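Examination of the molecular architecture
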Amino acid sequence: MSQASKQVKWCIAKAKKEIDECIKQGKREKHRGLLKINENLKSAKQHIEKAKHNLKGINYLLKGGFGDLCISTIFYTEYHCFLAIASKIGYESSNQTCTIALIEMLNEEKKIDIDEKYINMLKYTDVEEKQANSLIEMREESTYGIEITTDNTKRIKELIEDCKNLIDITMQIIYD
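Residues numbered from 1 in each chain as written. Predicted model: local features only at pLDDT ≥ 70, side-chain atom pairs only at ≥ 80, totals over all residues. Heavy atoms only, no water.

1. What to know about the nonpolar core
Membership of the largest hydrophobic core comes to 47 residues, with the highest contact counts inside it found for Ile 74, Phe 82, Leu 102, Ile 103, Ile 114 and Leu 135. The element best represented in this core is helix 3 (residues 67-89), accounting for 11 residues. Excluding residues within four positions of it along the chain, Ile 103 makes contact with Phe 82, Ile 85, Ala 86, Ile 112, Ile 114 and Ile 119. (Core = buried A, V, L, I, M, F, W, Y, C linked by side-chain atoms within 4.5 Å. Buried < 20%, exposed > 50% of the residue type's maximum accessible area, 1.4 Å probe, protein only. Helix = DSSP H or I, 4+ residues; strand = E, 2+ residues; numbered from the N terminus. Contact = heavy atoms within 4.5 Å.)

As structure tokens, then:
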């Protein structure tokens, strides 16, 4: 069993345990894991629309000189693509790490076909393996750091192209 498969299994168990606890306590059912659900094409389409909306926002922010805010929006553009795929395949996710593991597992199992670079861009890596300009690392620096702008316009434009490509790939998965 791959690491991604083990992570997905753990995420499903986590969600079930948290929902069971909510039921016991008479609270609204919520979780921070993965649930296996029926395919939800409506939700998948909504996530794609959100990704497209975010993509417009990235371009607006870049033109306005808000490169630091572009990075976070790029991350969430790609993440909404992953959530769209999850919904289409029949999963509900409330956890970024679980969503990314799910996409990785689906890719390994050949249920979807996504270049691993998109998965790796959103994954945390070991300190020793830290990727230069990793999207998740860039997002954390831009979100939690004190820099209010970034001079990395070239990298942002490359990431915008990645967003466009991932949206196209996601739409093929959803509409096929």
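From this point, the discussion proceeds with the structure in view.
2. Re the packing of helix 1 (residues 3-25) against helix 4 (residues 96-108)
Closest axis-to-axis distance for the helix 1/helix 4 pair is 8 Å, and the angle between their directions is 135 degrees. Taken as axis vectors, helix 1 and helix 4 run oblique relative to one another. Note that helix 1 runs across helix 4; the crossing there is left-handed. Of the residues in helix 4, those touching helix 1 at Ala 4, Ser 5, Gln 7, Val 8 and Cys 11 are Thr 97, Cys 98, Ala 101, Leu 102, Glu 104, Met 105 and Glu 108. Across the contact of helix 1 with helix 4, the residue classes tally to seven nonpolar, three polar and two charged. (Axes fitted to C-alpha atoms, helices over the stretch in contact; angles between N-to-C directions. Parallel < 35°, antiparallel > 145°, perpendicular 65-115°, else oblique. Left-handed = near helix turned anticlockwise from the far one by under 90°. Nonpolar A, V, L, I, M, F, W, Y, C, P; charged D, E, K, R; others polar.)

3. Here's the deal with unusual backbone geometry
Backbone phi values are negative for most residues with the exception of glycine, while trans is the configuration of most peptide bonds. One non-glycine residue, Lys 110, lies in the positive phi region at around 65 degrees. Here Lys 110 is to be found in the loop between helix 4 and helix 5 (116-122).

4. Brief notes about the pattern of salt bridges
Pairs may arise between side chains of opposite charge once their charged atoms sit close together. Enumeration over the complete set of coordinates arrives at 10 salt bridges. As a salt-bridge pair, Lys 111 and Glu 109 come within 3.2 Å of each other at their nearest N and O atoms. For Lys 111, a relative accessible area of 55% gives the class exposed. A relative accessible area of 37% places Glu 109 in the partly exposed class. For Arg 155, the salt bridge is made with Glu 158, and the minimal N-O distance between the two is 3.4 Å. Of this pair, Arg 155 and Glu 158 both sit in helix 7 (residues 153-175), separated by three residues, roughly a single helical turn. For Glu 158, a relative accessible area of 34% translates into the label partly exposed. Each member of the salt-bridge network shares a partner with another, and the members are Lys 14, Glu 18 and Arg 32. (Salt bridge = Lys/Arg side-chain N within 4 Å of Asp/Glu carboxyl O.)

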